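Single-letter residue listing:
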Amino acid sequence: MSEIAIRQEGRAGRITLTRPRALNALTYPMCLAIEKALDDWQHEAGIALVVIDAEGDKAFCAGGDIAVMYETGRQGDYAYGQKFWRDEYRMNAKVSGYPKPVVSLMQGFTMGGGVGVGCHGSHRIVGETSQIAMPECGIGLVPDVGGSLLLASAPGRLGAYLGATGRRMGPADAILAGFADHFVAEADWPDLIAELVATGNPDAILAAALPPPPGDLPALQPLVDRLFAAPDLAGIVAALRADGSDFAADTLARLNRGSPLSVACTIEMQNRLAGCDDIREALALEYRFTHRAPEHADFLEGIRAAIIDKDRNPSWRHADLNAVPAADVAAMLAPLGPDELNLEEDRT
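Everything quoted here is computed from the prediction, not taken from an experiment.

Chemist: How should the side chain of arginine 19 be read in this particular structure?
Modeler: Of note, arginine 19 is situated in the loop between β2 (12-17) and α1 (28-41). With residues near it in sequence (within four places) discarded, arginine 19 still touches Glu3, Asn24, Ala25, Thr27, Met30 and Asp65.

Chemist: Could you clarify how one ought to interpret the pattern of salt bridges in this entry?
Modeler: Oppositely charged side chains are able to pair whenever their charged atoms sit close together. With the rule as written, the count across this model stands at 21 salt bridges. For the salt bridge of aspartate 65 with arginine 19, the shortest nitrogen-to-oxygen distance reads 3.2 Å. One end of the pair, aspartate 65, is in the loop between β4 (59-61) and α2 (67-74); the other, arginine 19, is in the loop between β2 and α1, with 46 residues separating them in the sequence. Classification of aspartate 65 by relative accessible area gives partly exposed; the value is 25%. Here lysine 36 ties to aspartate 40 by a salt bridge, and the two come within 2.8 Å at their closest N and O atoms. Of this pair, lysine 36 and aspartate 40 both sit in helix α1, four residues apart, which is roughly one turn of the helix. The class for lysine 36 is partly exposed, based on a relative accessible area of 44%. Connected via shared salt-bridge partners are Glu35, Asp39, Lys83, Asp87, Arg90 and Lys94.

Chemist: Can you help me understand the environment of isoleucine 52 in this one?
Modeler: With respect to the helices and strands, isoleucine 52 occurs in strand β3 (residues 49-54). Distance from isoleucine 52 to glycine 13, taken between C-alpha atoms, is 8.5 Å for residues 39 residues apart in sequence. Residues contacting isoleucine 52, with those up to four places away along its chain left out, are Ile15, Phe60, Val102, Val103, Ser104, Leu105 and Val117.

Chemist: Help me understand the sheet that holds β2 in this model?
Modeler: Note: strands within a sheet are paired through backbone hydrogen bonds, in either parallel or antiparallel orientation. Taken in spatial order, the six strands of this open sheet run β1-β2-β3-β5-β7-β9, and their pairing is mixed. Edge strands, defined here as strands with exactly one partner in the open sheet, are β1 (4-9) and β9 (182-183). Across six bridges, β2 lies against β3 in parallel orientation. Looking at β3, one finds that leucine 17 is bridged to alanine 54. Most of the contacts of α1 go to β1, to which it runs at about 15°, and overall it touches β1, β2 and β3.

Chemist: I keep staring at the nonpolar core and nothing clicks. Help me out?
Modeler: Soluble globular proteins: nonpolar side chains tend toward being buried together. If you look at the biggest cluster of nonpolar residues, it comprises 98 residues, and the most contacted ones within it are Ile34, Ile132, Phe179, Phe289 and Phe299. The dominant element in this core, judged by the number of residues it contributes, is α1, at eight residues. Excluding its chain neighbours within four sequence positions, the residues that come into contact with phenylalanine 179 are Met106, Val115, Cys119, Arg124, Ile132, Met134, Gly147, Leu150, Leu151, Met169 and Ala174.

Chemist: What exactly am I supposed to notice about the sheet that holds strand β6 (residues 109-111) here?
Modeler: Ordered in space as β4-β6-β8, the three strands form an open sheet in which the pairing is parallel. Only two strands of the sheet have a single partner each, and these edge strands are β4 and β8 (131-133). With direction set aside, neighbouring strand axes in the sheet form an average angle of 15°. Relative to β8, β6 runs parallel, the two sharing three bridges. What sits directly across from threonine 110, in β8, is isoleucine 132.

Conventions and cut-offs
Residues numbered from 1 in each chain as written. Predicted model: local features only at pLDDT ≥ 70, side-chain atom pairs only at ≥ 80, totals over all residues. Heavy atoms only, no water. Helix = DSSP H or I, 4+ residues; strand = E, 2+ residues; numbered from the N terminus. Contact = heavy atoms within 4.5 Å. Salt bridge = Lys/Arg side-chain N within 4 Å of Asp/Glu carboxyl O. Buried < 20%, exposed > 50% of the residue type's maximum accessible area, 1.4 Å probe, protein only. Pairing = 2+ DSSP bridges. Axes fitted to C-alpha atoms, helices over the stretch in contact; angles between N-to-C directions. Core = buried A, V, L, I, M, F, W, Y, C linked by side-chain atoms within 4.5 Å.

Written as structure tokens, this is what we have:
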């Protein structure tokens, strides 16, 4: 498959995303191929660990390839997108719970679907160019692929801030927020991979790791914790408007670029997942939103404005951040009954 290279090298199972011109955007066949490789290698005695990397210098994986989801959704066919998300989330859960070490090396952009592949393993490596983010609110979704759990586990109210604004994290901030573990200079990645392949021992990562360049979030944390203390979007917006600082103005501008419904739901999801340590619980909550998103949220309009027409002028369902009733948030996150996410289903 030209989109992804899967093979065994030495003691390692190797997964390499091979769509650098598309910023290694994750397609549905790539999701299934990753899952199959993990299943095949789980009981393979010769494979001691899994290494996931990507070609190109711009991106590990800049998100999911959602063109088909858009086209089918525009035609009123929501089943394709729902199946994509179900199967993708099952793969995300397998990466998270894999019984062998999973090493990911994430250069450049790692966003959305890329977070689901690269940020749930046991040894998550970033370098100088790494930029990690969950920008889904900007296209009418919510942080998903298990990203909501990572955000909920971040210190203080950083998860609500990062999820609602989609702010990018450099290497130090990604480590602080729990999306990565180690900083390794990117020039050293080929030698590190060679050692992992030869030995099957992830201890080589600790030997190669260095302190990352300083990040932005430590200085911002007190502001974030204070201004995002409210339990809902209306309260957060009120606090930001009353504060009047440059940070508050910047944050309001970031929030206003997202779908109001998505931002409000993202905040509520962070509240519900506080203290959660089960990726399956987070994925099930995410799926309630994504299952409904093409029909009942701003997903199709967000894709149109950002990717199809590129006019950056979406017409959201709610006029502004203060116009989202609590009932609309509750409806998007309500149980799906027989359509609830079931990660035990056999792959079809």
